[in-house]
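What follows is each chain in one-letter form.
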Amino acid sequence: MKKIFLLILILLSGFSLTPCYGREKSVILFNKHQYTQDTIISATNTNVFQPGERIYYLITLPKKVKSQMLLVQVLKIGGEGERLGYDLVWGKRVKLRDEQAHYFTDYVVFNSTGAYAMRVFSRDNPTKVLTSAYFYVRN
């Protein structure tokens with residue numbers, strides 16, 4: 001009886017501790033240069049930028065978004081006067097084209113220094129964040 005209980009316990013713990021490799025997540029990559037096939041995996045990928053510099057971003061979508069609509073938001077962390085909280089500083093609604101079913105790329109420019117968070121929502125489920133990432137604008 002103890003051997004059967006031990007075998008069941010080992011099998012259950014093995015299934016629960018096994019990572020799910022089939023589930024890909026959306027990510028946001030930042031770069032100082034426009035995204036091409038050569039710059040996706042390069043040393044220029046960074047999340048620290050100068051004021052007034054173009055911040056190119058790439059949003060990957062492993063699953064197709066049914067409505068083909070995204071909402072991209074940038075929040076400034078801390079806001080003005082170093083208070084705690086977030087200030088919405090930029091937002092954009094994006095209509096994905098058929099050839100962009102699994103990615104979107106564009107750029108933004110910020111002149112004020114600070115820490116920022118980029119969040120992406122889908123029109124299918126606007127209350128759930130698909131992905132988020134942090135970047136910094138420093139002198």
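The structure under discussion appears in the preceding block.
Below or above, wherever it landed, is the structure these notes cover. The structure displayed is predicted, hence computed values, not measured ones.

Let us now look at the side chain of Lys-76. Among the secondary structure elements, Lys-76 is positioned in strand β4 (residues 69-77). On the basis of relative accessible area, Lys-76 is assigned to the buried category, the value being 8%. In terms of polar contacts, Lys-76 uses its side chain to reach the backbone carbonyl oxygen of Thr-113, at 3.2 Å. Leaving out residues up to four positions away in the same chain, Lys-76 has contacts with Gly-85, Tyr-86, Asp-87, Val-89, Ser-112, Thr-113, Gly-114, Ala-115 and Tyr-116.

Attention shifts here to the sheet that holds strand β6 (residues 103-109). Ordered in space as β1-β3-β6, the three strands form an open sheet in which the pairing is antiparallel. The strands lining the two open edges of the sheet, one partner per strand, are β1 (27-31) and β6. Within this sheet the neighbouring strands show an average axis-to-axis angle of 25°, counted without direction. Relative to strand β3 (residues 54-60), β1 is paired through five bridges, and the arrangement is antiparallel. Bridging across to β3, Ile-28 finds its partner in Ile-59.

It is worth spelling out unusual backbone geometry at this point. The phi torsion at Gln-68 lies on the positive side, around 55°, for a residue other than glycine. With respect to the helices and strands, Gln-68 occurs in the loop between β3 and β4.

In this structure, strand β2 (residues 48-49) lies alongside strand β8 (residues 129-137), joined through two bridges in parallel fashion. Each residue of the ladder has a partner; that of Val-48, found in β8, is Tyr-136. Alignment of strand β7 (residues 114-122) against β8, held across eight bridges, turns out to be antiparallel. Within the sheet, the bridge partner assigned to Met-118 lies in β8 and is Ala-133. The turn joining β7 and β8, which pair antiparallel and follow one another in sequence, is formed by six residues.

Turning our eyes to something else, we now look at the pattern of salt bridges. Scanning the entire structure with this criterion turns up two salt bridges. Lys-92 is the partner of Asp-106 in a salt bridge, and the nearest nitrogen-oxygen pair spans 2.4 Å. Here Asp-106 is found in strand β6, whereas its partner Lys-92 is found in strand β5 (residues 86-95), with 14 residues between them in sequence. The salt bridge involving Arg-97 is made with Glu-99; its shortest N-O contact spans 3.5 Å. Here Glu-99 falls in the exposed class, since its relative accessible area comes to 53%.

Conventions adopted
- Residues numbered from 1 in each chain as written.
- Predicted model: local features only at pLDDT ≥ 70, side-chain atom pairs only at ≥ 80, totals over all residues.
- Heavy atoms only, no water.
- Helix = DSSP H or I, 4+ residues; strand = E, 2+ residues; numbered from the N terminus.
- Buried < 20%, exposed > 50% of the residue type's maximum accessible area, 1.4 Å probe, protein only.
- Polar contact = N/O pair within 3.5 Å; in protein donor to acceptor, adjacent residues only side chain to side chain.
- Contact = heavy atoms within 4.5 Å.
- Pairing = 2+ DSSP bridges.
- Axes fitted to C-alpha atoms, helices over the stretch in contact; angles between N-to-C directions.
- Salt bridge = Lys/Arg side-chain N within 4 Å of Asp/Glu carboxyl O.

So far we have only geometry, and geometry alone does not tell us how the molecule works.
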